[in-house]
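Each chain, letter by letter, is given below.
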Amino acid sequence: MSERIIDGEDVFYKHPEKEGQSVFHQLIRKHPNSMCMYPFTHLNMKPSGRLAPCFRSHSTGDLFEESMLNAWNNEAMLNLRKTMLSGELPEECLSCKKLEEAGSFSYRQESLRDVTIHKEWRPQLEKLNLETGEMPNEIKQVEVRFSNICNLKCRMCGPEYSSKWERDFRRSTPIAEWQRKNGHKYAGPLAQLDRRAKNDYKQGMLDFFKVNAKHLEYVMITGGEPLMDDSQFEALEILKPYGENMVLEYTTNLTTLGSDKYSALDYWPHFDSILLKVSFDGDPVIYPVVRSGASIEDVEKNIEKLFNRFPQDPNAKFKNFPGDKVVVIATFTSSVYNVGRIVEAAKYFTKLGGVFHSSQVRQPDFLNSQILPKEVKEQFTEKATAFVDNIEKEIEPYWGMPIWHQQDVKDMQMRRINRFIKNCIKFMNSEDKSDLFPKFLEFNALSEEECEHSIFDVYPEWKKYV
């Protein structure tokens, strides 16, 4: 692979000595294994009321007990920041610690890279009280989840993020009961939602937007399926006056572009840009297996509508992402189901004009890619390695969309594919949990009773393990 493509490995968090003398640079040089940008710029919230510095972190607050602004500098957040400043990773950050121990890059490390939005917020650390850990109430980035309303019941999802899964857990269906007995990471948010008014949760977030909108520069909206939820459109009404300086990022299945009452196409023109992390999780072969109840053709049609309304500009200014009004970030959440199709996904996403992105399923453990048998891992590793080692030639037939007309943007896509595929394969091989593969097959058997698409149509050789 050419040096031009792999230069993305030369990242700041690996080479902090190359940079300047700001507070950020001083702290990262002093504490390279614990510092993270999220607790100093970002707040995450979920409909269970949980508040945290990022979606991977354990809870540091509860929206039903305090306002979001009060939670920004509550005792838990101050202690978390001070722990980082002492050179240790806080207990709340166990997820990133596990990823780094497995040899994968983590969200903590991602926040320190020179090619992410977080770089623009490094000056916020000049305002940090190094003794107390306190930050001013000028939150730059939030991730909001108004509800778990969703039209799908994807196999790797659960009740906190899907109303259809929630229905199963409430009814104690056989597949829900099996998951309860076999390690689904289910912390009881449904009980909290029963006990507390959903309107109080929504109002708490809307009140936060009214007060903090002038400071926000990046709003991440997820669900459930956020484009089905009227609440997020109510939030956009509040944010709209500040929209020209604000980026909206959605995590969406993009099977719809709005609810019965609202359309995203009426709101998005008021904002600087829209990044759509579209949850594909694979190419058309594995998609209907993983994303139960979805039609990939519907998603493709909606992408076409978006590009017709907001055309891709081959001459758009390139920064961290192409400078288009709407950028599709095609997302691959790697699991036992789809890691074997990551090469096909990279080609398919590129053909659609989607920027490649991936993450890992860590919980529940029976869907983690580490549970695959050794011979399957070896097969997938060989296939992925051959692809990334020859990526320029392999990806050449898929550069048809206008977004790829600049060489810098092509290079970005190849860097991302190279890095994310290697990361997924490295994570898969970092631990042998193949003793859990029979548990996966049990879960899969229950899943396939209510899904017309079978995993064995994709990997027929797996039948021998049943």
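Scroll up to find the structure.
Reference entry: report on the structure contained in this document. (Residues numbered from 1 in each chain as written. Predicted model: local features only at pLDDT ≥ 70, side-chain atom pairs only at ≥ 80, totals over all residues. Heavy atoms only, no water.)

Counted under the stated rule, the structure contains 19 salt bridges. R419 is paired through a salt bridge with E110; the nearest N and O atoms lie 3.1 Å apart. Here R419 is found in helix α19 (residues 407-429), whereas its partner E110 is found in helix α7 (residues 107-111), with 309 residues between them in sequence. Pair check on accessibility: R419 and E110 agree, each one buried. (Salt bridge = Lys/Arg side-chain N within 4 Å of Asp/Glu carboxyl O. Helix = DSSP H or I, 4+ residues; strand = E, 2+ residues; numbered from the N terminus. Buried < 20%, exposed > 50% of the residue type's maximum accessible area, 1.4 Å probe, protein only.)

Under the counting rule described, the total for this entry stands at 26 aromatic pairs. With centroids separated by 6.1 Å and ring planes inclined at 80°, the aromatic side chains of W121 and Y218 adopt a geometry described as edge-to-face. A residue pair is termed long-range when its members are at least 10 positions apart, and W121 in the loop between α7 and β4 (141-145) and Y218 in strand β5 (residues 218-222) qualify at 97 residues. Considered together, W121 and Y218 belong to a single accessibility category, that of buried residues. (Phe/Tyr/Trp six-rings, centres within 6.5 Å; stacked < 30°, edge-to-face > 60°.)

The subject of this paragraph is the sheet that holds strand β2 (residues 50-52). One open sheet holds the nine strands; their spatial order is β3-β2-β1-β4-β5-β6-β7-β8-β9, and the pairing between them is mixed. Sheet topology places β3 (61-62) and β9 (355-360) at the edges, where each strand pairs with a single neighbour. Note: strand β8 (residues 326-334) against β9, six bridges, orientation parallel. Bridged to I329 within β9 is V355. Where helix α15 (residues 296-309) meets the sheet, it contacts β7 (273-279) and β8, and its direction lies at approximately 155° from that of β8. (Pairing = 2+ DSSP bridges. Contact = heavy atoms within 4.5 Å. Axes fitted to C-alpha atoms, helices over the stretch in contact; angles between N-to-C directions.)

Attention now moves to the pairing of β7. Within β7, seven of the seven residues are buried, which leaves the element mostly enclosed by the surrounding structure. Burial along β7 is two-sided: the face carrying S273, L275, K277 and S279 and the face carrying I274, L276 and V278 are both buried. Here strand β6 (residues 247-252) runs beside β7; their pairing, made up of six bridges, is parallel. Following the sheet pairing, T251 is matched in β7 by K277. Pairing geometry for β7 and β8, over six bridges, is parallel. Counterpart to L276 in the pairing with β8 is V328.

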